[in-house]
Amino acid sequence: MLVVMKAQASPEEIQAVCKHIEQLGFRAHPLPGAQRTAIGITGNQGEVDRGNLEELSGVAEVIRVSKAYKLASRDVKEEDTIIRFAGTDAAIGDRSLAIIAGPCSVESREQAFSIAEQVAASGAQFFRGGAYKPRTSPYAFQGLGLDALKILSEIREKFGLRIVTEAIDSQSLELVAEWADVIQIGARNMQNFSLLKHAGRLRKPVMIKRGLSATLEEFLMAAEYVMSEGNYQVILCERGVRTFADHARNTLDLSIIPAVRRLSHLPILVDPSHATGKRDSVLPMARAAVASGADGILVEVHDHPEMALSDGPQSIYPIQFARMMDELEQIAPVVARTLPRGISAEAAK
Ligand code: PEP
Ligand code: MN
């Protein structure tokens with residue numbers, strides 16, 4: 001159920017409607033838009049009696065939302081969600097492309113700093129690097145944990161880059177929320193509902209990667225889990241799905257971009273690295289992703305990929321990343337986008 005407030009409704013009227021909804025035993029989610037505020041109602045098993053709600057001061061109408069996902073739906077919020085980062089000009093979901101670059105894993109201070117310096121020089125605004133790694137083999141490198149988070153935070157201080165890193169369980173989630181700017185929920189955890197709910201109780205942006213064989217609805221329902229707990233700063237990331245095709249690690253499903261845009265107001269990024277698993281395929285798929293309307297790219301970059309402790313074969317060299325930035329900058333205006341270069345001066349200390 002959705003309560004649409006009148007354009008001229010006052011903050012007090014909005015608050016009174018939220019209070020009324022909570023008194024009925026439901027949860028109210030005020031979602032301000034450019035024209036008017038909508039208030040999503042969740043927690044109801046069946047129909048909410050709309051009679052009383054329509055009588056409340058400032059209410060324009062009460063609408064039933066028929067889709068399984070509600071807060072993630074464009075029916076509830078028409079305008080695109082834009083995630084901003086305090087003290088910087090970086091944003092995800094506006095007309096600027098968000099570029100998140102860095103190694104699969106933080107392997108050492110030297111490795112992470114060297115790559116960060118190079119991606120910052122090419123104009124990336126966000127840095128990625130795994131501290132907690134979800135690996136297929138328990139014997140493979142599992143990440144440096146808290147030490148990696150500390151290194152990432154030093155990178156933010158030095159280069160002004162905003163930090164994106166994965167949480168794999170509740171314990172790492174608390175730490176990632178404390179040290180990073182965006183919490184990544186990996187493909188393997190896209191349907192870890194308790195982890196999603198936990199992330200929903202935090203107040204940090206959450207980037208959810210599409211599950212290995214997740215449908216669009218399942219993907220949006222993962223976002224809904226986070227939003228249902230009151231955290232509306234959710235970013236989606238397409239990273240390829242499993243198919244019969246074996247020429248690539250996964251099959252990049254670019255057709256999900258217009259589908260997400262139609263159904264949801266949430267930003268959608270594309271990860272051409274995990275989608276292809278092959279260095280040579282990363283640039284062509286990044287070009288295609290931007291041309292298809294992605295809000296940005298998440299890409300793995302390593303200066304010695306042959307020595308990488310994870311995902312070396314799909315990691316591009318810093319020089320290839322520089323070329324990617326130049327090419328994406330040229331494609332951007334064709335799709336009414338811009339590619340910002342670097343983080344604003346006042347932000348980068
Ligand atoms: C990653 O980003 O390094 C990662 C493990 O991604 P995914 O969850 O998409 O496999
Ligand atoms: Mn990786």
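## Structural notes on the packing of aromatic side chains
The tally for this structure, following the rule as stated, stands at 3 aromatic pairs. Relative to phenylalanine 126, the ring of phenylalanine 85 lies with its centre 5.2 Å away and its plane at 75°, an arrangement referred to as edge-to-face. Remark: phenylalanine 126 occurs in strand E8 (residues 126-128) and phenylalanine 85 occurs in the loop between strand E5 (83-84) and strand E6 (91-92); sequence separation between them is 41 residues. With respect to burial, phenylalanine 85 and phenylalanine 126 carry one shared label: buried. With a centroid separation of 6.0 Å and an interplanar angle of 55°, the aromatic rings of phenylalanine 113 and phenylalanine 159 are classed as tilted. Highlighted residues: phenylalanine 113 in helix H3 (residues 109-121) and phenylalanine 159 in helix H4 (residues 146-159), separated in sequence by 46 residues. With a relative accessible area of 13%, phenylalanine 113 lands in the buried category.

## Considering the pairing of strand E9 (residues 162-167)
Buried residues dominate E9, accounting for 6 of its 6 residues. Two strands pair when backbone bridges link them, and E8 and E9 are joined in this way by 3 bridges, in the parallel orientation. Looking at the pairing, phenylalanine 127 lines up with isoleucine 163 of E9. With respect to chirality, the unit in which E8 leads through H4 into the neighbouring parallel E9 is right-handed. As a crossover connection, the stretch from E9 through helix H5 (residues 170-179) into strand E10 (residues 182-185) is right-handed.

## Here's the deal with the nonpolar core
The biggest cluster of nonpolar side chains holds 80 residues, and the ones touching the most others in it are Ile155, Ile208 and Phe321. Judged by nonpolar contacts, the second largest core, of 16 residues, contains Met1, Phe26, Ala28 and Val59.

## Concerning the coordination of the manganese ion (ligand 2)
Taken together, the protein ligands of the manganese ion (ligand 2) are Cys104 (SG), His274 (NE2), Glu300 (OE) and Asp311 (OD), with distances of 2.0 to 2.4 Å. In the primary structure, the donors to the manganese ion (ligand 2) are separated according to the pattern C-x169-H-x25-E-x10-D. With cysteine 104 in the loop between strand E7 (98-102) and H3 and glutamate 300 in strand E14 (residues 296-300), this residue pair connects regions lying 196 residues apart in the sequence. Exposure remark for cysteine 104: the relative accessible area of 3% places this residue in the buried category.

## Topic: the domain arrangement of the chain
Taken domain by domain, the chain consists of domain 1 (2-63) and domain 2 (83-348). Distance from the C-alpha centre of domain 1 to the C-alpha centre of domain 2: 35 Å. When domain 1 packs against domain 2, close to 370 Å² is buried across both sides, 46% of that on carbon and sulfur atoms. Of all residues in domain 1, Arg27, His29 and Leu31 give up the largest surface area on contact with domain 2, accounting jointly for 79% of the area buried on that side. Taking the shortest distance from any N to any O, the salt bridge between glutamate 229 and arginine 27 comes out at 3.9 Å. Where domain 1 packs against domain 2, one counts 2 residue pairs in polar contact (both at pLDDT 80 or more). The class makeup of the residues in the side of domain 1 that touches domain 2 is 3 nonpolar, 1 polar and 1 charged.

## Here we look at the pattern of salt bridges
Where charged atoms of side chains with opposite charge meet at close range, the side chains can pair. For the coordinates displayed, the defined rule picks out 17 salt bridges. When the shortest N-O distance is used, the salt bridge between aspartate 326 and arginine 341 registers 2.8 Å. One end of the pair, aspartate 326, is in helix H11 (residues 318-331); the other, arginine 341, is in the segment after H11, and 15 residues separate them in sequence. Taking relative accessible area as the criterion, aspartate 326 reaches 41% and is therefore assigned partly exposed. One salt-bridge network, in which partners are shared between bridges, spans Arg27, Arg201 and Glu229.

## Let's talk about the packing of helix H6 (residues 193-200) against helix H7 (residues 216-228)
At a closest axis distance of 6 Å, the pairing of H6 and H7 adopts a crossing angle of 45°. Looking at the two axes, H6 sits oblique to H7. Remark: the crossing between H6 and H7 carries right-handed chirality. The residues of H7 that touch H6, namely those facing Phe193, Leu196, Lys197, Ala199 and Gly200, are Ala222, Tyr225 and Val226. A breakdown of the residues in the contact of H6 with H7 according to their chemical character gives 6 nonpolar, 1 polar and 1 charged.

Definitions and cut-offs
- Residues numbered from 1 in each chain as written.
- Chains lettered and ligands numbered in written order.
- Predicted model: local features only at pLDDT ≥ 70, side-chain atom pairs only at ≥ 80, totals over all residues.
- Heavy atoms only, no water.
- Phe/Tyr/Trp six-rings, centres within 6.5 Å; stacked < 30°, edge-to-face > 60°.
- Helix = DSSP H or I, 4+ residues; strand = E, 2+ residues; numbered from the N terminus.
- Buried < 20%, exposed > 50% of the residue type's maximum accessible area, 1.4 Å probe, protein only.
- Pairing = 2+ DSSP bridges.
- Right-handed = clockwise from strand over helix to strand, strands pointing away.
- Core = buried A, V, L, I, M, F, W, Y, C linked by side-chain atoms within 4.5 Å.
- Donors = N, O, S within 2.8 Å, 3.2 Å for Na, K, Ca; no water.
- Domains from an automatic or database assignment.
- Buried area = accessible area lost by both parts, 1.4 Å probe.
- Salt bridge = Lys/Arg side-chain N within 4 Å of Asp/Glu carboxyl O.
- Polar contact = N/O pair within 3.5 Å; in protein donor to acceptor, adjacent residues only side chain to side chain.
- Nonpolar A, V, L, I, M, F, W, Y, C, P; charged D, E, K, R; others polar.
- Axes fitted to C-alpha atoms, helices over the stretch in contact; angles between N-to-C directions.
- Parallel < 35°, antiparallel > 145°, perpendicular 65-115°, else oblique.
- Left-handed = near helix turned anticlockwise from the far one by under 90°.
- Contact = heavy atoms within 4.5 Å.

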